[in-house]
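Remarks on the overall topology
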Amino acid sequence: MEQRSLSRFNADPTVALDIISQSGANIVDLSDDVREQIANLQKELPPDIELQIVQDQSTFIRDSIEEILFNIKFGTALAVFVIFMFLLDIRPTYITSLSIPISIIATFTVMNFLGFTINFMTLLGLSLAVGILIDDSIVVVENIYRRIQSGETPILAAFTGTKEIGLAVAATTFSIMVVFLPVAFMDGIIGRFFYQFGVTVAFAVLISLFVAFSLVPMLAARHDAPKEDKDSLDPNRAKGIKRLWLRIRRVLSLWNRAFDFIQPRYKKMLSFSLNHRWVIVLLAVASFGSAIVMAGYIGMEFVSQSDQNQMMIAIDTPPGTTLDETSERFAEVEDILNQFEEVEGLYVTIGGGNKGVTGGIILAVLSDAGDREISVFQMIDSVRNLLTVIPGIKYSIAGQVEEGGSSKPVELSIRGDDREELIRLARLAEKILRDTPGSTDVDNSLEEGKPELQIDVDRKAADDLGLNLGMIARTIRTFVEGDVVTRYQEDDDEYDVRVRLDQRFRASEQDLGRMLIESEKELPGIKMLLIPLDRVAKISRSTAIGEYGRYDRLPEVRINANVLTGSFAGTVTTTAQAAIDSLIQLPPGYIISPVGTQEMQEESNANIVQALLLSVIFIYLLLASQYESFFDPISIMLSLPLAFVGATFGLLIFNSSFSIMSNIGIVMLMGLVTKNAILLIDFVKQERGRGTPRSEAILIAGPVRLRPILMTTLATVFGMLPLALGIGAGAEFRAPMARAVIGGVISSTLLTLVVVPVIYTLVDDVVGFFGRIFRIKKTEVVKEEIALD
């Protein structure tokens with residue numbers, strides 16, 4: 001048979017084998033088993049034959065998991081360091097820091113019980129939760145040590161301090177839980193994606209609450225607070241290691257002195273806010289409005305593209321190109337790729353499957369991202385420019401396989417009944433997509449007609465000469481493709497023996513016309529009557545339609561595109577679709593709509609919005625039940641929009657996009673940002689319960705709660721900071737979530753400290769106003785009843 005495909009690795013002929021995991025199989029375990037078998041097979045092969053792994057998906061998975069584990073360790077260290085900088089005492093620092101390893105280890109037990117594995121999503125959940133797990137312990141320890149400093153014994157302070165803060169801490173933890181549970185049980189592919197993520201984080205924070213209410217008070221009760229008098233802190237009055245520590249402590253105390261500088265000024269700002277409430281409200285509304293405006297400048301995509309140390313170039317040559325000619329074109333591309341020192345290997349496949357000999361793929365294996373000066377995305381732009389000098393090829397370059405089986409990140413489907421009309425609409429839509437900023441490698445599914453020779457048999461003439469269609473077809477097939485007539489055995493191996501005409505006798509229409517077909521007609525004196533094909537058939541050149549497509553039971557043509565570095569697939573698709581809707585007048589029954597990755601993105605966004613709404617409702621119900629009020633949660637929950645301000649600016653600063661990861665981060669913020677408002681309003685309610693006037697209670701609660709609020713906020717920020725920096729394998733995928741969370745936590749904290757107390761007073765005034773009306777009406781009814789009696 002003619003060779004219809006070829007493969008080579010670094011210009012050496014290769015026989016390629018793809019090993020695909022079964023559904024539910026562990027890719028890392030499969031990779032280990034395959035590597036072991038390859039090592040055993042290599043021992044049995046001749047010395048000149050080498051087995052080499054070209055592509056291994058488990059390598060990226062391993063590297064990503066290692067990076068997440070490093071992020072967990074580094075984030076834990078940063079969070080603990082922040083607590084130490086506030087407390088400057090090793091005892092409360094280690095008490096609070098114990099909550100992180102205990103919560104993580106206990107979460108592993110829950111994961112094992114639920115059948116979860118240590119995978120990318122579960123570890124990502126734990127890495128994001130590192131800064132959250134310590135929050136409950138921080139608030140409890142800070143409140144205990146504050147009471148110890150005020151003169152209470154450690155045991156009494158541990159009891160009263162935990163009891164005083166217990167409701168607020170429980171409310172903050174349960175607020176985070178009711179956010180992650182809707183995330184875990186979302187519908188569609190994103191629900192499967194985030195199920196283990198959401199459940200892992202929910203149980204981790206629940207365990208941290210248990211640690212904060214049990215182990216932390218117990219340990220705090222066993223340690224007295226250090227004396228803070230001048231003599232005990234004077235390095236000149238100490239000796240040895242204590243003197244060295246006191247000198248270091250004096251330098252580190254600059255952090256706390258800065259806090260002492262901020263605290264009285266915050267009280268003045270809070271007093272100003274209470275006296276100018278509508279100014280603060282307008283400031284909050286303006287901040288939220290600016291975030292809405294800035295959101296329009298942030299790109300959209302399903303997931304962020306990752307640098308997986310590889311680059312795939314799909315190449316097509318014109319129809320009718322032979323395998324040798326296609327191979328020559330591929331060799332020119334290989335020469336260009338070999339100019340890059342970052343390229344460690346080139347794996348080429350041409351033909352095979354339904355592609356034919358006119359197309360194939362080059363997989364460029366790159367050096368590790370940490371060893372390269374340029375990213376894979378920069379390389380793609382450079383290679384795309386260099387390939388323009390090679391004539392007669394159509395190419396598409398990508399750094400990874402698209403989700404959901406899409407050929408490219410941007411895909412539009414044109415559907416309708418008439419194929420000619422579909423072609424016309426596809427040409428118009430393709431032009432619009434080419435003109436859309438950020439699009440590149442624009443193509444369509446309208447393959448050029450493949451050249452073919454058509455044989456039109458004159459049935460009457462064939463019948464007169466004793467020929468039938470079946471005989472003609474079988475004979476031509478034997479001459480051109482050949483038939484296996486026997487098998488040749490050499491030692492233990494057997495080979496097919498295929499007989500057909502030599503290439504030079506079957507290369508043109510004239511060659512086919514001269515082929516002799518055996519007739520069934522018997523003539524006197526003639527043993528076998530052979531009839532030339534051109535006596536009974538007309539042979540002509542023609543083209544065949546390249547591809548038929550259907551979608552939703554309608555004929556379909558697709559146009560697709562890649563995106564340039566710095567652009568986002570969702571943004572390009574949305575812009576192109578808007579232009580198509582305004583410029584193309586569709587006939588009745590015809591549809592142009594996004595498919596592939598964009599379709600998955602729209603479905604995921606709908607599920608995330610649903611989870612967001614459920615989270616808000618659950619938070620309100622939780623706070624209403626805990627505070628036994630329908631109105632107190634309102635002032636707390638109005639801090640939620642303030643988180644969107646920082647999330648938007650966080651994504652904009654890092655040039656990140658709205659993707660499923662950053663959107664889930666915004667949902668996470670719904671639970672995180674209520675924490676500060678709960679701590680503040682809870683203390684205000686306690687002070688008012690003791691008879692303190694409302695404004696005075698706020699001015700007392702604000703400065704007292706400022707310290708734990710800043711401690712928990714900075715612990716959360718620094719705990720997630722390694723993820724947000726986007727360093728290591730898979731960082732592009734996970735960083736947007738951390739960036740959105742960090743930005744949202746910072747903005748909500750700064751605005752919450754001023755806006756929430758103001759909103760609390762406004763809500764309280766409204767409730768009081770309607771309460772007075774209700775009481776007046778009730779009094780009037782009672783008086784009328786008395787008069788009637």
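Since this is a predicted model, take the numbers as computed values, not measurements.

Rules used throughout
- Residues numbered from 1 in each chain as written.
- Predicted model: local features only at pLDDT ≥ 70, side-chain atom pairs only at ≥ 80, totals over all residues.
- Heavy atoms only, no water.
- Helix = DSSP H or I, 4+ residues; strand = E, 2+ residues; numbered from the N terminus.
- Rg over C-alpha atoms; globule rule 2.2 N^0.38 Å.
- Buried < 20%, exposed > 50% of the residue type's maximum accessible area, 1.4 Å probe, protein only.
- Contact = heavy atoms within 4.5 Å.
- Phe/Tyr/Trp six-rings, centres within 6.5 Å; stacked < 30°, edge-to-face > 60°.
- 1 Å grid on protein atoms, 1.4 Å probe; cavity = no way out; pocket = protein on both sides within 12 Å on 5 of 7 lines; lining within 4 Å.
- Points joined across faces, edges and corners; volume = space filled by probe spheres on them.
- Nonpolar A, V, L, I, M, F, W, Y, C, P; charged D, E, K, R; others polar.
- Salt bridge = Lys/Arg side-chain N within 4 Å of Asp/Glu carboxyl O.
- Axes fitted to C-alpha atoms, helices over the stretch in contact; angles between N-to-C directions.
- Parallel < 35°, antiparallel > 145°, perpendicular 65-115°, else oblique.
- Left-handed = near helix turned anticlockwise from the far one by under 90°.
- Lys, Arg positive; Asp, Glu negative; His and termini not counted.
- Patch = residues over 30% accessible without salt bridge, like charges linked within 9 Å, V, L, I, M, F, W, Y side chains within 5 Å.
- Areas by Shrake-Rupley, 256 points an atom, 1.4 Å probe, with all protein chains shown as cover.
- Core = buried A, V, L, I, M, F, W, Y, C linked by side-chain atoms within 4.5 Å.
- pLDDT = per-residue confidence, 0-100.
- Bend = angle between axes of the 7 residues up to and from the residue.

With that settled, consider the overall build of the chain. When helices and strands are tallied, the chain shows 26 helices and 17 strands. Against the globule reference of 28 Å for 789 residues, the chain gives a C-alpha radius of gyration of 36 Å, more extended than a compact globule. Each of the three principal axes of the chain carries a C-alpha extent, and together these read 130 × 85 × 50 Å. Taken across its 789 residues, the chain has 49% of its residues classed as buried. Here the contacts in the chain between residues at least 6 apart in sequence split such that 78% fall between residues at least 24 apart.

Here we come to the packing of aromatic side chains. Counted under the stated rule, the structure contains six aromatic pairs. Geometrically, the ring pair formed by phenylalanine 116 and tyrosine 195 is edge-to-face, given 5.6 Å between the ring centres and 80° between the ring planes. You can see phenylalanine 116 sitting in the loop between α4 (99–114) and α5 (120–133) and its partner tyrosine 195 sitting in helix α8 (residues 188–213), a full 79 residues away along the chain. On the basis of relative accessible area, phenylalanine 116 is assigned to the buried category, the value being 10%. Between the aromatic rings of phenylalanine 194 and phenylalanine 197, the centroid separation amounts to 5.4 Å while the plane-to-plane angle is 85°, which identifies the pairing as edge-to-face. On the criterion of helical spacing, the pair formed by phenylalanine 194 and phenylalanine 197 is a turn pair, its members being three residues apart in helix α8. Of the two residues examined, phenylalanine 194 and phenylalanine 197, each falls in the buried class. Three or more aromatic residues link up through ring pairs in this structure, and these residues are Phe180, Phe194 and Phe197.

Turning our eyes to something else, we now look at empty space enclosed by the protein. Summed over all chains, the structure comprises two cavities of 30 Å³ or more. The computed volume of the second largest cavity comes to approximately 40 Å³. Taken together, Ile132, Asp135, Asp136, Thr172, Thr173, Ile176, Val205, Ser208 and Lys675 form the lining of the second largest cavity. Taken together, the elements giving at least two residues each to the lining of the second largest cavity come down to α6 (135–149), α7 (154–184) and α8. In terms of residues, the lining of the second largest cavity owes the most to one element, α7, which gives three residues. Of the residues in the lining of the second largest cavity, the class split is three nonpolar, three polar and three charged.

A separate point is the pattern of salt bridges. Taken as a whole and judged by the stated rule, the model has 26 salt bridges. The closest approach of N and O atoms between arginine 690 and glutamate 164, which form a salt bridge, is 3.6 Å. Of this pair, arginine 690 sits in the loop between α24 (674–689) and α25 (694–724) while glutamate 164 sits in helix α7, placing them 526 residues apart in sequence. Look at arginine 690 and you get exposed, because its relative accessible area is 52%. Across the pair arginine 487 and aspartate 496 runs a salt bridge whose closest N-O atoms are separated by 2.4 Å. Accessibility expressed as a relative area gives 47% for arginine 487, which makes it partly exposed. Given the relative accessible area of 48%, aspartate 496 is considered partly exposed. Connected through shared salt-bridge partners, Arg147, Glu152, Glu164, Glu687 and Arg690 make up one network.

This part covers the packing of helix α2 (residues 57–87) against α25. Put simply, α2 and α25 touch, their axes get as near as 7 Å, and they point 155° apart. Regarding the angle of α2 to α25, the classification is roughly antiparallel. α25 is crossed by α2, and the crossing has right-handed handedness. Along its contact with α2, which presents Asn71, Phe74, Gly75, Leu78, Ala79, Val82, Ile83, Phe86 and Leu87, the element α25 presents Arg707, Leu710, Met711, Leu714, Ala715, Phe718, Gly719, Leu721, Pro722 and Leu723. Taken together, the residues that form the contact of α2 with α25 break down as 15 nonpolar, three polar and one charged.

Take the side chain of glutamate 301 next. Looking at the secondary structure, you find glutamate 301 in the loop between α12 (277–295) and β3 (310–316). One buried charged side chain, glutamate 301, makes no salt bridge at all; its nearest oppositely charged neighbour is arginine 739, positioned 9.0 Å away. With residues up to four places along the chain from it excluded, the contact list for glutamate 301 reads Phe568, Ala569, Gly570, Gln601, Ser657, Phe658, Ser659 and Ile660.

Let's shift gears to a nonpolar patch on the surface. Judged by side-chain polarity, Leu41, Leu45, Ile49 and Leu51 come together as a nonpolar surface patch covering roughly 300 Å² of accessible area. Relative to the elements of secondary structure, leucine 51 occurs in the loop between α1 (27–44) and α2. With relative accessibility at 33%, the residue leucine 51 sits in the partly exposed group.

Glancing now at the nonpolar core. Counting 120 residues, the largest nonpolar core has Leu124, Leu128, Phe194, Phe197 and Met720 as its most contacted members. With residues up to four places along the chain from it excluded, the contact list for methionine 720 reads Leu128, Ile132, Met668, Leu672, Ala738, Val741 and Ile742. Core analysis: the second largest hydrophobic core is formed by 27 residues, Leu6, Phe330, Val376 and Ile380 among them.

Looking at the chain, pLDDT values average 81 and 91% of them are 70 or higher. No element of the chain has a lower mean pLDDT than helix α10 (residues 240–252), which averages 61, and none a higher one than helix α19 (residues 569–583), which averages 90. In the model, residues 778–789 has pLDDT below 50 throughout and makes zero contacts with residues more than four positions away in sequence or in other chains.

By the largest-angle criterion, glycine 166 marks the main kink of α7, which is about 50°. The buried fraction of α7 amounts to 23 of the 31 residues, a majority that puts the element mostly inside the structure.

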